[in-house]
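Read off the chains here:
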Amino acid sequence: MEYLYYLLFFLVPLIFTAANSELFEFNKMVLVYSLTVIIAAAWLVKMIRLKKFVYRHTPLEIPLLAYLLAHLLSTIFSIDPHVSVWGYYSRFHEGLLASISYALLYFAAVSNLRREHVIKMLTAAFVSAAVVSFWAILEHFGHSFSCLFITGDFNDACWVQDVAGRVFATLGQPNWLAAYLDVIILTAVGFLRSKKTNLPTYLLLVISLAALWFTKSRSGLLGLGAGAAVFFLLVWKSDIKLKALVCAAVLLVGSFWGWQQFQKLVAAPTAGGSGGVTDSETIRLPVWEGAIKVWQRYPVFGSGVETFGYSFYKDRPASKNLDSEWDFLYNKAHNEYLNMLATTGTVGILAYLALIGAVLWFLRKNPALLAAYISILVTNFFGFSVVIIGLFFFLIPAFYFILNFPDIEPEKTEPPNWWLIGAVIAVALYLEWGLVNLWLADKDYALGQRFDQAQQFPSAYQPIKDAVATNPDEPTYRDELSFNESVLAVALTAEGNSQASASAQQLTQAAIADSNQVVAGSPNAVPFWKTRVKVFYELAQIDPQYYYQALAAIEKAADLAPTDAKIHYNLGLLLGRTGQTSAAIQAFAETVALKPDYRDAHYALGLYLKEAGDIKSARAQMEFIINKIGPDQDAQQFLQENK
């Protein structure tokens, strides 16, 4: 167990692969699951060897069990229990299984580890952070080890993101890296008070602060500033040798914050979907507003653990259509507390706050751990927890109790009961094999998805089929498969021979069956209804009657997402395809009311108004495009042809 915990804190920040659908969080979460299984198994084997129940009570067990109970109840009453158990696909973190894993790691740590193990765990975390920080610093200068591993080139060209402008190293996102470095920096400062040889710690602080600087994360700097302020207040009177370090850190954070604010003012980003980039505050506020509305609809247990990506659509403010991320999918509330409120309800948020309150009460006696924990609370306010932050959120309290409780003394083991030990090992191996299959299924899905995105549909079919076969309970795989099958069915039909037509018919039926299964299992998942629209839209090339099923799917999506302008636009297109011109005009009118700068919707509305014989109104739409949105050759041509 001791060495597994060292591995946990060393490997989780570092691990990522390019083989999966999500390079970072998925692999980190699978690693946490894998090590949790082995740690739990080792704990059980220890009990068998000692012939006693090995468990140490801590004051945090009741708040922690209440937190787990709230998550369990939220999962039971969830609008999508599968997502609540496993977490939202592409995020993977904070589902019920993740929370259980963190709780097990907490209980196993406080029941089995000693003070020396905490110091070694933190040392392992510091070594890992040094590697991550060095990685990030090189990224800032255009050299990413990630690209070296992925493409063989030691540059930053493998990333679509401007990784040199805002580094993220092995964490996947600048704010996530910043939140992690906050914890490392503030915990490391505590080492300066207890160690005689401080050179390695000073070096860690220097490179970690440099990496934090290069993230350009305001939430990360606020987290560091808040944590440093707490630490400063607690140690100022008693620890003179830290005064210079604390002052330097405060000055560093303050100067960087001022520089960022100056940059923000100079850049003067503009809102809107017509090319401007909206500032992050304007982007977040409608999401936060929607989260509160979700809670109002599901006040007791929320919409279900990790279901924000589904429940938000219903309460998404129409004002979201006016910023530059208007067509983004928000699977988190970008505020951990509002996310918890929306997805686990009043019961969940009270349990969460009670857990935090209990932790803060006990950590008040350890300035460094308290400062690190405060930084997590601050960065979570402006974003959401990721795997490494979840690990620290649950295990920083464990560090405190282990450091302050009497050390556990080794006990004499009894002759082993090999039958029981064998049973524990067998169950652990079964669970580990399940995790291997979980990882392999995602790997196949990622490969197939990339082929689909490159429009290499025949190459995509088998990997996605393999993903479904390996993990048939994951609707995301079957959803992708249904679309792939529909495209292949159309392509085979176009070949015109009898053998191809027979295969096309089989694929058509398979696409429909897979789509039916997906939406039956996840009836509140707007992304799956959108895929269903694409499936039937494709199949309508074989038989136009499928347009009506595509229309039924988009109407369901519009009911689930009443303020989504793109869904309303596609509803108008399908109404037009099925000959319902008046209804199409109404749908497009609703679309431009939701998003006045939606060029395509105005243009389509103009075309259908012309078809209905209202040339004057049609011209008004084209004039609006030119005068309010921007120069448009198609709109200009329409006006010339329809004077």
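A brief look at the structure comes next. (Residues numbered from 1 in each chain as written. Predicted model: local features only at pLDDT ≥ 70, side-chain atom pairs only at ≥ 80, totals over all residues. Heavy atoms only, no water.)

**Considering the nonpolar core**
Core analysis: the largest hydrophobic core is formed by 143 residues, its most contacted members being Tyr5, Leu8, Tyr180, Phe392, Leu395 and Ile396. What Phe392 contacts, discounting residues up to four positions off in sequence, is Phe9, Ala125, Tyr180, Val183, Ile184, Ile376 and Pro397. Core analysis: the second largest hydrophobic core is formed by 60 residues, Tyr313, Ala561, Leu574 and Tyr598 among them. (Core = buried A, V, L, I, M, F, W, Y, C linked by side-chain atoms within 4.5 Å. Buried < 20%, exposed > 50% of the residue type's maximum accessible area, 1.4 Å probe, protein only. Contact = heavy atoms within 4.5 Å.)

**Let's talk about the packing of helix H25 (residues 599-611) against helix H27 (residues 633-641)**
Describing two packed helices takes the angle between their axes plus the distance from one axis to the other. Running from N to C, H25 and H27 cross one another at 20°; their axes reach a closest spacing of 11 Å. Judged on the interaxial angle alone, H27 and H25 are roughly parallel. For the element pair H25 and H27, the recorded crossing hand is left-handed. Touching Arg599, Tyr603, Gly606, Leu607 and Lys610 of H25 are Asp634, Ala635 and Phe638, all from H27. In the contact of H25 with H27, the residues fall into four nonpolar, one polar and three charged. (Axes fitted to C-alpha atoms, helices over the stretch in contact; angles between N-to-C directions. Helix = DSSP H or I, 4+ residues; strand = E, 2+ residues; numbered from the N terminus. Parallel < 35°, antiparallel > 145°, perpendicular 65-115°, else oblique. Left-handed = near helix turned anticlockwise from the far one by under 90°. Nonpolar A, V, L, I, M, F, W, Y, C, P; charged D, E, K, R; others polar.)

**Let's talk about helix H10 (residues 218-235)**
Helix length check: H10 (18 residues) gives 25 Å between terminal C-alpha atoms against 26 Å at 1.5 Å per residue, within 8%. Three or more residues of H10 are buried, namely Ser219, Gly220, Leu221, Gly223, Leu224, Gly227, Ala228, Phe231 and Val235. (Expected span 1.5 Å × (residues − 1).)

**Thoughts on the layout of surface pockets**
Size it by volume and the second largest pocket reaches roughly 370 Å³. When residues of the lining of the second largest pocket are assigned to their parent elements, the largest contribution, three residues, is made by helix H2 (residues 25-50). Each residue belonging to the lining of the second largest pocket can be placed in one class, and the counts come to eight nonpolar, four polar and eight charged. (1 Å grid on protein atoms, 1.4 Å probe; cavity = no way out; pocket = protein on both sides within 12 Å on 5 of 7 lines; lining within 4 Å. Points joined across faces, edges and corners; volume = space filled by probe spheres on them.)

**Focus on the side chain of Thr307**
Considering the arrangement of structural elements, one finds Thr307 in the loop between helix H12 (280-297) and helix H13 (308-315). Thr307 sits in the buried class, given a relative accessible area of 0%. Non-local contacts of Thr307, meaning those with residues more than four positions away in its chain, are made with Ser78, Ile79, Asp80, Val83, Ser84 and Thr343.

**Examining a nonpolar patch on the surface**
Taken together, the side chains of Leu69, Leu72, Ile76 and Phe77 present a nonpolar region at the surface, about 400 Å² in accessible area. Residue position: Leu69 is located in helix H3 (residues 61-76). (Patch = residues over 30% accessible without salt bridge, like charges linked within 9 Å, V, L, I, M, F, W, Y side chains within 5 Å. Areas by Shrake-Rupley, 256 points an atom, 1.4 Å probe, with all protein chains shown as cover. Salt bridge = Lys/Arg side-chain N within 4 Å of Asp/Glu carboxyl O.)

**Describing empty space enclosed by the protein**
By the definition in use, this model includes six cavities of 30 Å³ or more. Quantified by volume, the largest cavity comes out at close to 100 Å³. For the largest cavity, the lining is made up of 14 residues, of which Tyr67, Glu94, Glu336, Ser385 and Phe394 are closest to its centre. For the lining of the largest cavity, the secondary-structure elements that each account for two or more residues are H3, helix H5 (96-112), helix H14 (336-363) and helix H16 (387-404). Here the lining of the largest cavity is composed, by residue class, of six nonpolar, six polar and two charged. Of the voids in this model, the second largest cavity is the one considered here, and its volume is about 60 Å³. Along the walls of the second largest cavity sit Tyr67, His71, Glu94, Val305, Glu306, Glu336, Asn339, Met340 and Thr343, which together make up its complete lining. Those elements that place two or more of their residues in the lining of the second largest cavity are H3 and H14. Here the lining of the second largest cavity is built from residues that sort into three nonpolar, three polar and three charged.

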